[in-house]
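Each chain is listed here by its residues.
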Amino acid sequence: MSVISVQRGHERGLNAAKEEAELIAQDLSKKFGMNYRWEYHELSFKGSGAKGKMECYETSLSIRLELGFMLRPFKSKIESEIHKYLDEFCG
């Protein structure tokens, strides 16, 4: 199992972080058929070839993504996209 782990600080507050996480989860669900669920401030998601969680806090976000065998070759591309998105959100 290949793992991507990213943490980033932000200044948008907990509600904004959770709203962004919800939008990401809806997009993953639509594009890749991933299922997701909330438990307090943690969004867990799972789909074919990947699973992970996004933890939302008042001043930070934490993403942990485990890639299955078929997605391993795309790890650097996926990680790059995560950083690109977080650069925009956390600015």
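Everything below is about the structure printed above this text.
For the structure given in this document, a descriptive report is provided here. The model shown is predicted, which means the values in this text are computed figures rather than measured ones. Each residue is numbered by its place in its chain's sequence as written, counting from 1. Only residues with pLDDT of at least 70 are given local features in this predicted model, and only at 80 or more are side-chain atom pairs given and counted; all residues enter the totals for whole chains, interfaces and linings. Think of the side-chain values as coming from all heavy atoms in the structure, minus any hydrogens and water.

### What to know about the overall build of the chain
Only DSSP runs of H or I with at least four residues qualify as helices, and only runs of E with at least two residues qualify as strands; both kinds are numbered from the N terminus onward. Summing up its helical and strand segments, the chain has two helices and five strands in all. Only C-alpha atoms enter the radius of gyration; for comparison, a globular chain is expected to reach 2.2 Å times N to the power 0.38, where N is the number of residues. Over its C-alpha trace the chain gives a radius of gyration of 12 Å, about what one expects of a compact globule, namely 12 Å for 91 residues. Projecting the C-alpha coordinates of the chain onto the three principal axes gives extents of approximately 35 × 25 × 20 Å. Think of it in three bands: with a 1.4 Å probe and only protein chains considered, a residue is buried below 20% of the maximum accessible area for its type, exposed above 50%, and partly exposed in between. Out of the 91 residues belonging to the chain, those deemed buried represent 32%. In the chain, of all internal contacts separated by at least 6 residues, the share reaching a separation of at least 24 is 49%. Shrake-Rupley sampling with a 1.4 Å probe provides the accessible areas, and residues are treated as covered by the protein chains on show and by no other component. About 6000 Å² of surface is accessible on the chain, with carbon and sulfur atoms providing 51% of the total. Taking the average location of the 14 positive side-chain charges in the chain and that of its 14 negative ones, the two points are 8 Å from each other. Residue contacts are defined here by distance: any two heavy atoms, one from each residue, within 4.5 Å place the two residues in contact. We treat Lys and Arg as the positive residues and Asp and Glu as the negative residues; His and chain ends play no part in the count. By convention, charge coordinates are those of NZ in Lys, CZ in Arg, CG in Asp, or CD in Glu.

### Concerning the environment of Leu 86
Residue position: Leu 86 is located in helix α2 (residues 75-90). Remark: the alpha-carbon pair of Leu 86 and Gly 9, spanning 77 residues in sequence, is separated by 9.3 Å.

### Things to note about the pairing of strand β2 (residues 35-39)
In short, DSSP must find at least two bridges between two strands for them to pair. Relative to strand β3 (residues 42-47), β2 is paired through five bridges, and the arrangement is antiparallel. Within the sheet, the bridge partner assigned to Tyr 36 lies in β3 and is Phe 45. The loop that links β2 with its antiparallel partner β3 comprises two residues; one of these, Tyr 40, has a positive phi angle of about 60 degrees.

### Considerations on α2
Every helix has an expected span of 1.5 Å times one less than the residues it contains. Its 16 residues give α2 an end-to-end C-alpha distance of 22 Å, which sits within 8% of 22 Å, the value for a rise of 1.5 Å per residue. At its buried positions, α2 is contacted by β1 (2-9), α1 (14-32) and β5 (60-67).

### Observations regarding the pattern of salt bridges
Salt bridges are defined as contacts in which a side-chain nitrogen from Lys or Arg sits within 4 Å of a carboxyl oxygen from Asp or Glu. Counted under the stated rule, the structure contains six salt bridges. In this structure, Glu 66 engages Lys 51 in a salt bridge whose closest nitrogen and oxygen atoms are separated by 3.9 Å. Of the two residues, Glu 66 is situated in strand β5 and Lys 51 in strand β4 (residues 50-56); the sequence distance between them amounts to 15 residues. By relative accessible area, Glu 66 is classed as buried at 18%. On the basis of relative accessibility, which here comes to 38%, the residue Lys 51 falls in the partly exposed class.

### Let's talk about the pairing of β1
Residues of β1 alternate between two faces, with Ser 2, Ile 4, Val 6 and Arg 8 buried on one and Val 3, Ser 5, Gln 7 and Gly 9 left unburied on the opposite face. One ladder, built from eight bridges, connects β1 with β5; its direction is antiparallel. Within the sheet, the bridge partner assigned to Ile 4 lies in β5 and is Leu 65.

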